[in-house]
Amino acid sequence: MASKAAASTVPSDVAAAAAAAAAAAAAAAKPKRVRTGCLTCRERHLKCDEGVPDCLNCKKSNRECKRGVRLNFIDTTIKTPPITPPTEEWDVVFQDESREIASEYRGGLSRYAALGSDADVIPKEEPPFDFSDAMIQAPVLAHQQLPSQQTFPQATMDGYSASMQMQDAGQDPHQRHGSVNSDSTFSSHTIGANSVSSYTTAKQTLTPPSETRETLTDPEELLFMQVFVEEVGIWMDSMDPYKHFSRLLPFDSLGEPMLLNAFLACGARHLILVNPAYQEDKALHYYDLATRILLRQLQNPYRDTVICATTAVILNVYELMCERALQRMNHIAGARALIKECGWNAQSTGVGAACFWLNVGMELLSCLHFNWQLAWNPDDWGLDVDFSRPTGPGREEIWTYRIMWILAKVANFRASTTARPSDPPQDPMRMQSRYEEWKRLKDWCDAWDSSIPRTMQPLGRLHPYQQASKSLFPEVWLIKRATVVARMFYHTAFILLSQTNPLASVSQQEMQDMQEMRMNNARETCGIIAHVKDRGVASVALRSIHHAGECLVARNEQEEVLTIINKIHKETGWRIQFVIDGLIKTWGWNDQNNFEQQAQMPTIMAQQPSMVQQNYAPQFQQQPQGISTSLPPAPPIKAMPKAGMVNPMLAKADFSQPIHPYQSYYVAPNHHPAQQNQFGHF
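Described below are features of the structure shown in this document. (Residues numbered from 1 in each chain as written. Predicted model: local features only at pLDDT ≥ 70, side-chain atom pairs only at ≥ 80, totals over all residues. Heavy atoms only, no water.)

1. Things to note about the packing of helix H18 (residues 508-531) against helix H19 (residues 538-549)
- Following both chains from N to C, one finds H18 and H19 inclined at 145°, their axes separated by 9 Å at the closest point. Once H18 is placed against H19, the crossing between them reads as left-handed. Here Ala522, Thr525, Cys526 and Ile529 of H18 come into contact with H19, specifically with Ala541, Ser544, Ile545 and Ala548.
- The residue inventory of the contact of H18 with H19, partitioned by class, reads 6 nonpolar, 2 polar and no charged. (Axes fitted to C-alpha atoms, helices over the stretch in contact; angles between N-to-C directions. Helix = DSSP H or I, 4+ residues; strand = E, 2+ residues; numbered from the N terminus. Left-handed = near helix turned anticlockwise from the far one by under 90°. Contact = heavy atoms within 4.5 Å. Nonpolar A, V, L, I, M, F, W, Y, C, P; charged D, E, K, R; others polar.)

Shown next as structure tokens:
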């Protein structure tokens with residue numbers, strides 16, 4: 001009994017150590033996998049003793065002791081690499097040696113398909129394009145679905161097939177990708193420090209390759225490009241000293257099908273506005289083709305982000321020219337997001353600056369119309385607003401950008417002061433705070449006017465009684481297009497400030513001063529627009545005269561404003577009825593005779609062909625009905641977003657947002673480290 005008790009008191013750690021020792025002995029006794037055994041034993045699933053020249057198992061069974069390494073050819077499908085990353089100092093080429101290796105083994109080469117057969121490359125079926133996932137939350141959610149991707153025109157596919165034949169013949173892929181000349185608009189020297197360099201992407205399967213054309217030889221393409229350069233590009237370049245859209249980018253488009261088709265779409269769309277003989281199918285064809293190529297490029301992380309952003313900006317212009325602009329906003333948010341992806345802002349140069357100022361300019365005009373706040377806060381533009389810094393002659397555009405920045409701040413101030421029925425009455429402290437902000441905006445306008453160079457001041461001025469045209473407004477002669485645009489922005493800012501002075505509702509003197517300010521700037525605006533002969537300022541002029549016309553009270557001045565608006569319509573083809581309807585409602589023209597008189601104006605105007613009609617369409621008969629405008633028309637009341645809100649079309653126009661433009665197609669760019677180090681954006 002004593003011995004049993006002693007045995008039961010053996011420590012548990014001794015037992016655990018004994019169990020561990022037994023497990024280690026069992027593991028040591030387990031046979032290890034042989035690394036250099038013969039192939040015969042491997043086939044028989046026996047352990048080989050690795051004896052040479054013959055192992056023991058082969059000697060006993062009188063078998064051939066096979067030696068060597070066995071390769072299993074499992075996947076014999078050969079595909080072209082989808083993307084070849086671009087490099088800075090050398091070319092990367094994928095050399096397929098699978099056939100050569102397989103030929104050294106019995107039956108290895110027979111497993112591969114013959115060279116040149118369709119089995120070498122398996123085409124990937126692409127789904128049709130649909131923007132339902134790419135659209136942001138917009139005032140009007142309905143949009144026009146793009147046709148299937150498989151509906152490429154035969155002529156275009158023939159060109160792509162010819163390029164593919166050149167690829168099979170061994171042409172260098174870098175020679176097939178667009179224009180890479182040193183004088184290209186997209187070169188890093190013209191883009192500037194705050195933009196992304198345009199580099200040549202390597203061979204890929206996302207976009208069919210194309211050749212660089214020397215000139216446009218198709219009559220239809222030449223006509224549409226001429227219309228774009230002479231009628232559309234001029235107002236897109238209204239604030240660009242280098243005239244990228246009308247003078248430089250058309251040459252780059254000869255080597256960029258995506259860019260070329262976007263230009264042709266805008267030219268064809270403008271012809272539809274002024275000539276009823278042209279149908280919408282041509283414009284839609286080029287628009288859809290450019291959109292398809294753009295969406296393919298957005299799936300390529302090594303894409304040229306500069307060309308993609310520029311194309312999206314041009315396609316956005318096309319959409320603004322459409323009749324149902326708010327229902328076809330596939331690229332408005334995408335263009336803004338791509339601009340931000342490139343890092344373009346007010347400090348950019350070259351094509352980056354051209355796209356940035358056009359984009360924010362179009363947003364400003366839309367926000368002035370709908371009384372929205374700008375989605376891109378002017379404080380984040382990066383603009384130099386130091387008025388004391390000298391700019392020198394020929395730098396009028398910088399002052400145009402500054403007054404545009406001030407007008408954007410005024411537009412945000414006006415939208416933020418929009419009264420709602422649920423808003424509580426303003427207390428004195430809040431009113432004083434708002435007045436101080438209003439005073440700061442007015443002081444900026446005064447400082448701008450006193451600091452601009454002499455070349456931006458009027459060169460001539462005539463009173464109404466001195467004019468042969470019998471206009472009721474003074475003739476103000478400004479020389480440069482950028483100066484005309486700047487002056488219209490300046491007077492529009494004062495008109496809005498006169499309508500938003502917080503003290504005007506409590507002080508009789510302030511109210512009278514604001515009325516005088518409003519009338520003076522309204523007449524100055526009408527005088528500039530009534531006598532300007534440059535169609536390149538029409539987009540800004542239409543919005544400015546709308547605000548100025550609302551301030552007029554004299555019947556004869558109101559009628560002349562309608563004449564000026566009809567003149568803009570005759571020269572550009574833009575739809576103006578929503579502007580006229582808004583003015584008539586503001587003026588209180590409620591009698592039937594006035595409506596009948598207004599209804600006759602488009603008919604009278606249509607009997608006088610415009611310059612555009614005479615140049616491009618000798619077979620004109622009359623103006624088309626229901627034509628479009630570069631400014632979005634007023635949507636139905638039930639779809640109208642509330643005034644004072646941040647621009648809902650661009651509120652989420654950023655790829656960093658969970659819901660962003662091109663949701664189903666966008667792939668973040670993966671640029672070469674050389675571009676990252678040089679520009680520091682990615």
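Next comes the rest of the description.
2. Details of the nonpolar core
- Residues Phe245, Trp357, Trp381 and Trp448 are the most contacted members of the largest nonpolar core, which totals 152 residues.
- For this core, the element with the highest residue contribution is helix H14 (residues 350-370), accounting for 14 residues.
- Every residue in contact with Trp357, bar those within four places of it in the chain, is listed here: Met239, Ala346, Trp381, Leu383, Tyr401 and Met404.
- Membership of the second largest hydrophobic core comes to 6 residues, among which are Cys38, Cys41, Cys48 and Cys65. (Core = buried A, V, L, I, M, F, W, Y, C linked by side-chain atoms within 4.5 Å. Buried < 20%, exposed > 50% of the residue type's maximum accessible area, 1.4 Å probe, protein only.)

3. Side note on the pattern of salt bridges
- Tallied over the entire structure, the rule returns 20 salt bridges.
- For Arg535, the salt bridge identified is with Glu231, shortest N-O distance 2.9 Å. Residue Arg535 is found in the loop between H18 and H19, and its partner Glu231 is found in helix H8 (residues 219-236); the two are separated by 304 residues along the sequence. Comparing Arg535 with Glu231 shows no difference in burial state: the two are buried.
- A salt bridge links Lys480 to Glu397; the shortest N-O distance between them is 3.2 Å. Taken together, the positions of Lys480 in the loop between strand E2 (475-477) and helix H17 (481-499) and Glu397 in helix H15 (residues 396-416) put the pair 83 residues apart, joining distant regions of the chain.
- Residue Lys480 is classed as partly exposed on the basis of its relative accessible area of 29%.
- Glu397 gets classed as buried once you look at its relative accessible area, which sits at 5%.
- If you follow the salt bridges from partner to partner, you end up with Asp384, Asp386, Arg389 and Arg402 in one network. (Salt bridge = Lys/Arg side-chain N within 4 Å of Asp/Glu carboxyl O.)

Geometry only, nothing functional implied.
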